[in-house]
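# Results of the structural survey
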Amino acid sequence: MKLGIVGLPNVGKSTLFNAITQAGAEAANYPFCTIEPNVGVVTVPDERLRVLTELYDAERTIYTTIEFYDIAGLVKGASKGEGLGNKFLGHIREVAAVVHVVRCFDDDGVVHVDGSTDPARDIETINMELIFSDLEVIDRRVQRTQKNLKGDKGLAKELALLERVKQSLLSGVPARAAAWDEEERVFINSLELLTAKPVIYAANISEAEVSAAEENGYVKSVREIAKSEGSDVVVLAAKVEAELAELDDEDRAVFLEELGIGESGLDQLVKASYHLLDLISFLTAGKPEVRAWTIRRGTKAPQAAGKIHTDFEKGFIRAETVDYENLIACGSLSAAREKGLVRSEGKEYVVRDGDVVHFLFNV
């Protein structure tokens, strides 16, 4: 899973990226200190793997991962080449979802590219640049479809939908926020529009506000925008995340408790991305290794097996499955089997989050 971290210059993108990946990307108080996207791979926290590793005395524990791409700061006019322009937009096209970092704090010591803190304006600036880029894509597709319409009348329906998408974009509505039926959405996703990508708004607050009982007005503004377009919001302080990144697990837990927050910004982002992309994890466990595998919710057993190896899907016979909670409660797979809690599932079984699965196959 690839997530692109975007936003205006100096909103805390690279600071957040450094914190959650500990990759050491350059973070400086001037625009465009990021040119090529920095890439950091982080493991997805999952307490279940630690417990299963102890249960099986496994030799290896393999967590699923997320790739974070720190994409350079966009500015007004990027779609026309301002800043580093379309190069940045191309980087966004490669990711599954966007983490849009929005500055939600005042600090005279940190230069804002537009001179003041205004999350709604900042979000609109980024959205409009993505919309302008998408309009160019739509216009090219419309021209091609009109050209081929004479020889294929079936394209009339496609042309009508393209015109609807164009009108929606012209009205300032990102493709992800407009109302489409399932068939229309499949087609729109095939266009690879930037504004169709799912978005998590990362509201970057000051260190002093981390433990505040009430969110500031900037964060509330971000939440209103996110609600209107079906996006998610994660509230964090990039500087606090940077401090957390320097600590070991035990000290990190103490620090979080002192701050009065239950989880780090990374944990919040992981949960939000899984929710936004409708992802779940199934588990495999044995003496050699315990491992988590990420799939889309609704994936059937053979396709889930294919995540491990294509031969598993081709020669799928059945899946021996036990709920994680039941397995832990019983203390061993054999005990769970004796109680009838290990199920034999066929090709139509839809794998669930937390399933501990052993696939049987023959090729």
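As a reminder, the structure under discussion sits directly above these lines.
Every value quoted in this text rests on a predicted model; they were computed, and no experiment measured them.

## A few points about the packing of aromatic side chains
- Going through the model one piece at a time under the given rule, you end up with four aromatic pairs.
- Ring plane angle 15° and centroid distance 6.4 Å describe the contact between F282 and W293, whose orientation is recorded as stacked. Of this pair, F282 sits in strand 8 (residues 279-285) while W293 sits in strand 9 (residues 289-296), and the two are eleven residues apart along the sequence. Exposure class is identical for F282 and W293. Each is buried.
- Of the aromatic side chains, those joined through ring pairs into one cluster are F282, W293, F316 and F359.

## Overview of the side chain of N204
- Within the fold, N204 resides in strand 6 (residues 199-204).
- In this structure the side chain of N204 is engaged in a polar contact, spanning 2.9 Å, whose partner is the backbone oxygen of V11.
- In terms of polar contacts, N204 uses its side chain to reach the backbone amide nitrogen of A238, at 2.9 Å.

## A few points about the side chain of T53
- As for its placement among the helices and strands, T53 is situated in helix 2 (residues 47-56).
- A distance of 2.7 Å separates polar atoms of two side chains, one belonging to T53 and the other to T61.
- When neighbours within four sequence positions are excluded, T53 is seen to be in contact with A58, T61 and V290.

## Digging into empty space enclosed by the protein
- In this structure the tally under the stated criterion is one cavity of 30 Å³ or more.
- What the largest cavity holds in volume is close to 30 Å³.
- Every residue lining the largest cavity is listed: V6, V98, H100, I126, N127, L130, R176 and V199.
- Of all the elements in the fold, those that place two or more residues in the lining of the largest cavity are strand 5 (97-103) and helix 4 (119-149).
- In terms of residue count, helix 4 provides more of the lining of the largest cavity than any other element does, three residues in total.
- When grouped by side-chain class, the residues that make up the lining of the largest cavity number five nonpolar, two polar and one charged.

## Brief notes about helix 5 (residues 155-170)
- For helix 5, built from 16 residues, the straight-helix expectation of 22 Å at 1.5 Å per residue is met to within 8% by its first-to-last C-alpha distance of 22 Å.
- For helix 5, the set of buried residues is L155, E158, L159, L161, L162, V165, S168 and L169.
- Residues of helix 5 that are buried make contact with helix 4 and helix 6 (182-190).
- Phi turns positive one or two residues past the end of helix 5, at G172, with a value near 90°.

Conventions adopted
Along each chain, residue indices are assigned from 1 in the same order as the chain's sequence is written. Totals for whole chains, interfaces and linings use all residues, but because this is a predicted model, local features are given only for residues with pLDDT of at least 70 and pairs of side-chain atoms are given and counted only at 80 or more. Side-chain numbers come from the whole structure's heavy atoms, not from hydrogens or water. Side-chain rings of Phe, Tyr and Trp, where Trp is taken by its six-membered ring, are said to pair if the distance between their centres is within 6.5 Å; with planes under 30 degrees apart they count as stacked, over 60 as edge-to-face, and otherwise as tilted. Counting from the N terminus, the helices are DSSP H or I runs at least four residues long and the strands are E runs at least two residues long. When a residue's accessible area, from a 1.4 Å probe over protein chains only, is under 20% of the maximum for its type it is buried; when over 50% it is exposed; and in between it is partly exposed. Identification of polar contacts relies on pairs of N or O atoms within 3.5 Å, with a donor-acceptor requirement for protein atoms, meaning one able to donate a hydrogen and the other able to accept it, and with residues adjacent in sequence counted only if both atoms are side-chain atoms. Only heavy atoms matter for contacts: two residues are in contact if any of them lie within 4.5 Å across the pair. In this analysis a 1.4 Å probe is tested at points of a 1 Å grid over the protein atoms alone, and where it fits but cannot get out there is a cavity; an open set with protein on both sides within 12 Å along at least five of seven lines is a pocket; lining residues have an atom within 4 Å of a point. Grid points are joined across faces, edges and corners, and a volume is the space filled by probe spheres set on the points. Lys, Arg, Asp and Glu make up the charged group, whereas Ala, Val, Leu, Ile, Met, Phe, Trp, Tyr, Cys and Pro make up the nonpolar group; the residues left over, Gly among them, are polar. One less than the residue count of a helix, multiplied by 1.5 Å, gives the span that helix is expected to have.

Purely geometric numbers; function is a separate question.
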